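# Structural overview for review
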Amino acid sequence: MTGVIFDIKEGAIHDGPGLRQTVFLKGCPLHCSWCHNPEGLSPRVELMISPNGCTRCGSCVKACPKGERLFDFGKPADCDACGLCVGTCPQRIRRLAGEAVTAEALAARLAPNAAYYASTGGGVTFSGGEPLLQAAFVLETLRLLGPDMHKAVETSGYGPEADFAQFMTAFDLVMLDLKSMDDDIHRHFTGVSNERIITNAKRLCAGQTPFIIRIPVIPGVNDTEAHYRAVAELVANAPALLRVELLPYHLTAGAKYAMLRRPYAPGFDPDRAIRVNLDIFAHYGIRSCVL
């Protein structure tokens with residue numbers, strides 16, 4: 001069983017209880033206009049090049065099997081991300097985003113530090129990208145890690161109901177993003193309907209798996225009383241809900257797009273002040289906080 005990841009973050013503090021190892025899986029069915037991990041959108045391995053620091057030495061050109069001109073902040077349209085140019089760059093401004101790895105190899109990388117993370121009350125978290133897009137790979141990795149490691153997942157909830165149900169059984173904690181309860185807004189800013197997400201959210205609310213609702217707060221998009229109230233009404237009285245967490249948008253979100261030679265066009269005013277209202281959740285008896 002093989003999957004594609006693009007990072008493993010050690011010592012993460014906002015991805016579940018305690019200190020954690022966070023595995024970032026590559027590929028996402030949503031294309032949120034504010035995404036701060038654009039290298040996680042495509043399921044394929046990609047070449048990333050910093051727009052600063054190139055001295056035009058030509059080392060990358062010599063290394064490229066296609067003989068392409070890879071400096072001057074460019075790459076051939078048919079680049080297959082072989083990575084041969086990465087090691088030749090004296091400025092180290094090139095890297096590959098993405099790594100194919102077997103479930104056995106990933107579990108072997110995570111297991112040696114498991115006792116340390118457990119001592120902090122932590123464990124391992126699977127994030128993305130979207131873990132549901134590689135559900136079989138994730139579930140196999142969890143099986144290999146065994147029952148003693150605390151396991152959490154951060155997900156958009158956009159995936160088959162059967163896979164989401166298996167996640168609820170396999171994980172000790174589910175962190176579900178609710179980006180917009182309005183389907184038209186959700187389609188406009190993420191590219192997909194929220195229908196499947198709401199269906200899985202209702203399953204989570206009716207179940208016994210501990211969960212956290214996360215709202216990425218985007219100025220002028222979902223920082224409204226209507227959105228906060230709709231989320232509160234959905235999750236109120238859910239027996240396993242721990243809290244609602246609000247994650248304010250930050251201006252560094254677009255920094256990586258240039259490295260992938262993609263435009264960053266969020267479609268909203270990133271400089272606009274964000275409106276946060278925790279009183280709505282308190283009214284419904286729901287714990288909430290801003291991260």
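The coordinates are above.
Residues numbered from 1 in each chain as written. Predicted model: local features only at pLDDT ≥ 70, side-chain atom pairs only at ≥ 80, totals over all residues. Heavy atoms only, no water.

### So, the overall build of the protein chain
- Within the protein chain one finds 9 helices and 11 strands.
- The C-alpha atoms of the protein chain give a radius of gyration of 20 Å, which matches the 19 Å a tight globule of 291 residues would have.
- Reported as C-alpha extents along the three principal axes, the dimensions of the protein chain are approximately 65 × 45 × 30 Å.
- Looking at the protein chain residue by residue over its 291 residues, the buried ones come to 50%.
- The long-range share in the protein chain, meaning contacts at least 24 apart out of those at least 6 apart in sequence, stands at 71%.
- Roughly 13,300 Å² of accessible area belongs to the protein chain as shown, and the carbon and sulfur atoms make up 52% of that amount.
- Of the charged side chains in the protein chain, 29 are positive and 30 negative; the average position of the first set lies 6 Å away from that of the second. (Helix = DSSP H or I, 4+ residues; strand = E, 2+ residues; numbered from the N terminus. Rg over C-alpha atoms; globule rule 2.2 N^0.38 Å. Buried < 20%, exposed > 50% of the residue type's maximum accessible area, 1.4 Å probe, protein only. Contact = heavy atoms within 4.5 Å. Areas by Shrake-Rupley, 256 points an atom, 1.4 Å probe, with all protein chains shown as cover. Lys, Arg positive; Asp, Glu negative; His and termini not counted. Charge placed at Lys NZ, Arg CZ, Asp CG, Glu CD.)

### As for the environment of Q134
- Relative to the assigned elements, Q134 resides in the loop between β6 (123-128) and α4 (135-145).
- Counting along the chain gives 129 residues from Q134 to I5, while the straight-line C-alpha distance between them is 9.9 Å.
- Among all residues touching Q134, those that are not within four sequence positions of it are G3, V4, L25 and K26.
- There is a polar contact of 2.8 Å between the side chain of Q134 and the backbone oxygen of K26. (Polar contact = N/O pair within 3.5 Å; in protein donor to acceptor, adjacent residues only side chain to side chain.)

### A word on the sheet that holds strand β7 (residues 150-155)
- The 9 strands lie next to each other as β5-β1-β2-β6-β7-β8-β9-β10-β11, forming an open sheet whose pairing is mixed. Whereas interior strands pair on both sides, the edge strands pair on one side only; in this sheet they are β5 (99-102) and β11 (288-290). The sheet shows a mean angle of 30 degrees between the axes of neighbouring strands, taken without regard to direction.
- One ladder, built from 6 bridges, connects strand β2 (residues 20-25) with β6; its direction is parallel. Bridging across to β6, R20 finds its partner in G123.
- Strands β8 (173-177) and β9 (211-217) of the sheet are contacted by helix α7 (residues 195-206), whose axis makes an angle of about 145 degrees with β8. (Pairing = 2+ DSSP bridges. Axes fitted to C-alpha atoms, helices over the stretch in contact; angles between N-to-C directions.)

### Quick word on the pairing of β8
- The buried fraction of β8 is high, at 5 of 5 residues.
- Across the two faces of β8 the burial is the same, with L173, M175 and D177 and V174 and L176 all buried.
- Across 4 bridges, the pairing between β7 and β8 is parallel. Bridge pairing in β8 places A152 opposite L173.
- Of the crossover connections in this fold, the one passing from β7 over helix α5 (residues 161-170) to the parallel β8 is right-handed.
- Note that β8 and β9 share 4 bridges and pair parallel. Residue pairing across strands places L176 opposite I213, the latter belonging to β9. (Right-handed = clockwise from strand over helix to strand, strands pointing away.)

### Describing the pairing of strand β1 (residues 2-12)
- Both β1 and β5 contribute to a ladder of 4 bridges, which runs antiparallel. Residue pairing for β5: G3 is matched across the bridge by V101.
- Bridge count for β1 against β2 is 5 bridges, and the pairing is antiparallel. Bridging from a neighbouring strand, I8 pairs with V23 of β2.

### Considerations on helix α8 (residues 225-235)
- Where α8 is concerned, the buried positions are H227, Y228, V231, A232, L234 and V235. On an axial view of α8, the arc spanned by its buried residues comes to 160 degrees, and they lie on one face. Residues of α8 that are exposed and point over 90 degrees away from its buried face: A226 and E233.
- Buried positions along α8 lie against α7, β9, β10 (241-248) and α9 (279-283).
- Backbone geometry just downstream of α8 places N237 in the positive-phi region, at approximately 75 degrees. (Arc of directions from axis to C-beta.)

### Considerations on the environment of F211
- You can see F211 is positioned in strand β9.
- On the basis of relative accessibility, which here comes to 0%, the residue F211 falls in the buried class.
- In the structure, F211 is positioned 109 residues away from T102 in sequence and 28 Å away in space, judged by C-alpha atoms.

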